[in-house]
Amino acid sequence: MFRIIIYISVFLTSLLFKIYGQTNDSILKKSEDKSFTFVLNYDHIDKDLGFQTKVNKISNQLDKSIKENKEALKKQLLVIEQRLKNNEINQDEAENLKNEHAVFYANKIDEATFNAEKEINEALQVKINGEMDLKASLNDYIKSLVEKRSKFIMSVGFGSSLAMMNGGLNSELYKSKMISSVNWSLGGKTRLIKDNPHYYLRYEWTSVYNSLKPTDQRVLDVVDNQTTLVEYEKSLKKSRIDFAESRISAYFEYDFSKKKEDEYGNMILRSRQSYFVGLGGFFGIGGNNITQVMKYKSSGKEHRNTETGSFGANKFVYGVGAYVGHKNLSLFATYNLNPTFKNSEFDQHFLNIGISLDIM
């Protein structure tokens, strides 16, 4: 009876996992690339074969144990019959001995059956756990194909800082090197439509450093409450003015990356796979972060003079910006709408043009 139960259990278990495996194979066909799918399918089949082999081995061992115990019981019964014929024991003693041996070998068969059932249950639990782990791995993999709706962005930028005056570039008052502006940002971006890869809102905090060089031995000064450039009393070898700003920016970004599907029908949604453009603005604090550095030579010695202050600059800044890029590299431009100084003989606005690298 126990043997029949074990055989039925093995048959039903094999049938169940065959059906489950077919269902799972249909899920496997929806993974992104062939190599990953092949590995998962191979492991799945390998586990199926291992489970079936183990069940067959347990079944064979149980058959062997039942057969051996039956043979042993048969031999003992023959010995008892021979002893009865030889009048070594009477009929009642023979019956008692037969019952004792029958119970003994029945218990051994029951024990072997119990152990086989226990081993099959353990193998079955391992099989179930493996199937659950496989399904969880597939779900995680498919989820990874779709980029999170919001993500962190850190970026660094280098470029030129230009002083725009009276609506145009004025090179008579300032000179600017090719690399005269540095900025770095921390922020993020959010996809505005759930399954649409095109529309994003980018937001960030940015620290900007601009550097300008006054022409004709001039330095920045405040005369009669007016910011102006005056000639320095010493013959300058080098001079520069460093402006620092802290901004909060927001940009509407359009990403030309397309929503794709792999050959199995899974959706792949990732930004920055193609070109993108952004348009927006910023506001922040400047004003008190102006540093003026002057270097000159006197009596055969090198001198360096540093001044820090507001120089009549506006405390708050605001402006507009735009960028265009491909993947993580972009060309950007920002323009300060409000003048750098509150009261000045020249109406100065900063224009920054440069290259930015996003680290996501």
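Residues numbered from 1 in each chain as written. Predicted model: local features only at pLDDT ≥ 70, side-chain atom pairs only at ≥ 80, totals over all residues. Heavy atoms only, no water.

**Student:** What is the right way to look at the overall build of the protein in this model?
**Tutor:** A tally of helices and strands in the protein yields three helices and 16 strands. In the protein, which comprises 360 residues, the proportion classed as buried is 37%. Long-range pairs, those at least 24 residues apart, make up 69% of the contacts in the protein with a sequence separation of at least 6. With the model as given, the accessible surface of the protein reaches about 21400 Å², and the carbon-plus-sulfur share is 57%. (Helix = DSSP H or I, 4+ residues; strand = E, 2+ residues; numbered from the N terminus. Buried < 20%, exposed > 50% of the residue type's maximum accessible area, 1.4 Å probe, protein only. Contact = heavy atoms within 4.5 Å. Areas by Shrake-Rupley, 256 points an atom, 1.4 Å probe, with all protein chains shown as cover.)

**Student:** Explanation requested: the packing of aromatic side chains in the structure shown.
**Tutor:** For any pair of aromatic rings, the description rests on two quantities: the centre-to-centre distance and the angle between the ring planes. Under the defined criterion, the tally for this structure stands at 10 aromatic pairs. Arranged with centres 5.3 Å apart and planes meeting at 85°, the rings of W184 and W205 form a pair that is edge-to-face. Highlighted residues: W184 in strand 4 (residues 181-191) and W205 in strand 5 (residues 199-214), separated in sequence by 21 residues. Judged by relative accessible area, which is 35%, W184 ranks as partly exposed. Given a relative accessible area of 35%, W205 falls into the partly exposed group. Members of the aromatic cluster, joined through ring pairs, are Y199, F252, Y254 and F256. The ring of Y323 carries R202 above its face, with NZ or CZ at 5.7 Å from the centroid. A cation over a ring is seen here: R247 above F282, with NZ or CZ 4.0 Å from the ring centre. (Phe/Tyr/Trp six-rings, centres within 6.5 Å; stacked < 30°, edge-to-face > 60°. Lys NZ or Arg CZ within 6 Å of the ring centre and 35° of its normal.)

**Student:** Hey, could you run me through the pairing of strand 6 (residues 218-223) in this one?
**Tutor:** Regular strands have side chains that alternate between both faces of the sheet. One ladder, built from six bridges, connects strand 6 with strand 7 (residues 226-231); its direction is antiparallel. By the bridge assignment for strand 7, R218 is matched with E231. (Pairing = 2+ DSSP bridges.)

**Student:** Mind showing me how you'd approach the pattern of salt bridges here?
**Tutor:** When the charged atoms of two side chains with opposite charge come close together, those side chains can pair. Per the stated rule, a full pass over the model turns up 12 salt bridges. Of the charged contacts in the structure, one is a salt bridge between D242 and R240, with a shortest N-O distance of 3.0 Å. Residues joined in a network through salt bridges with shared partners are K189, R202, E204, E253, R272 and D358. (Salt bridge = Lys/Arg side-chain N within 4 Å of Asp/Glu carboxyl O.)

**Student:** Help me understand the nonpolar core in this model?
**Tutor:** Nonpolar side chains in soluble globular proteins generally cluster together in the buried interior. Of all hydrophobic cores here, the largest spans 15 residues; its most connected members are Y174, L220, F243, I290, F341 and F346. Contributing elements (two or more residues each) for this core: strand 1 (150-165) and strand 8 (236-255). Beyond its immediate sequence surroundings of up to four residues, L220 is in contact with Y174, T227, T228, L229, I241, Q292, F311 and F341. With seven residues, the next largest nonpolar core counts I58, L62, I66 and A112 among its residues. (Core = buried A, V, L, I, M, F, W, Y, C linked by side-chain atoms within 4.5 Å.)

**Student:** Teacher, can you tell me more about the environment of E71 here?
**Tutor:** For E71, the position within the fold is in helix 2 (residues 34-85). Residue E71 is classed as partly exposed on the basis of its relative accessible area of 40%. For the pair E71 and Y105, spaced 34 residues apart in sequence, the C-alpha separation works out to 9.9 Å.

**Student:** Would you explain the environment of G281 in this entry?
**Tutor:** Mapped onto the elements of the fold, G281 is located in strand 11 (residues 275-285). Remark: the alpha-carbon pair of G281 and Y251, spanning 30 residues in sequence, is separated by 6.5 Å. Once residues lying within four places of it in the same chain are set aside, the contact partners of G281 are I248, S249, A250, Y251, G319, V320 and G321.

**Student:** So what exactly am I meant to see when it comes to unusual backbone geometry here?
**Tutor:** Trans peptide bonds make up the majority, and among non-glycine residues the majority have a negative phi. For D224, which is not a glycine, the phi torsion comes out positive at approximately 55°. Relative to the helices and strands, D224 is located in the loop between strand 6 and strand 7. Here D224 falls in the exposed class, since its relative accessible area comes to 74%. Positive phi outside glycine occurs at R272, with the angle close to 55°. You can see R272 is positioned in the loop between strand 10 (267-268) and strand 11. Assessed through its relative accessible area of 4%, R272 is described here as buried.

**Student:** Would you mind showing me how to read the pairing of strand 13 (residues 301-309) here?
**Tutor:** Relative to strand 13, strand 12 (residues 290-298) runs antiparallel, the two sharing nine bridges. Bridge pairing links Q292 to E307 in strand 13. Hairpin connection between strand 12 and strand 13: a loop of two residues separates the two successive antiparallel strands, and S299 in this loop has a positive phi of roughly 55°.

**Student:** Just to check I follow, could you spell out the side chain of S356 for this structure?
**Tutor:** Tracing the backbone shows S356 in strand 16 (residues 348-359). Exposure remark for S356: the relative accessible area of 9% places this residue in the buried category. Beyond its immediate stretch of four places on either side in the chain, S356 contacts S155, V156, G157, N328, L329, S330 and F332.

**Student:** I tried to follow the confidence of the model for the protein on my own but got confused; where do I start?
**Tutor:** Predicted coordinates in regions of low pLDDT should not be interpreted in detail. Model confidence for the protein is summarised by a mean pLDDT of 80, while 81% of its residues fall at 70 or above. Within the protein, the element-level pLDDT minimum falls on helix 1 (residues 2-28), averaging 41, and the maximum on strand 11, averaging 96. Below pLDDT 50 for its whole length, residues 1-45 participates in 59 contacts with residues either more than four positions away or in separate chains. (pLDDT = per-residue confidence, 0-100.)

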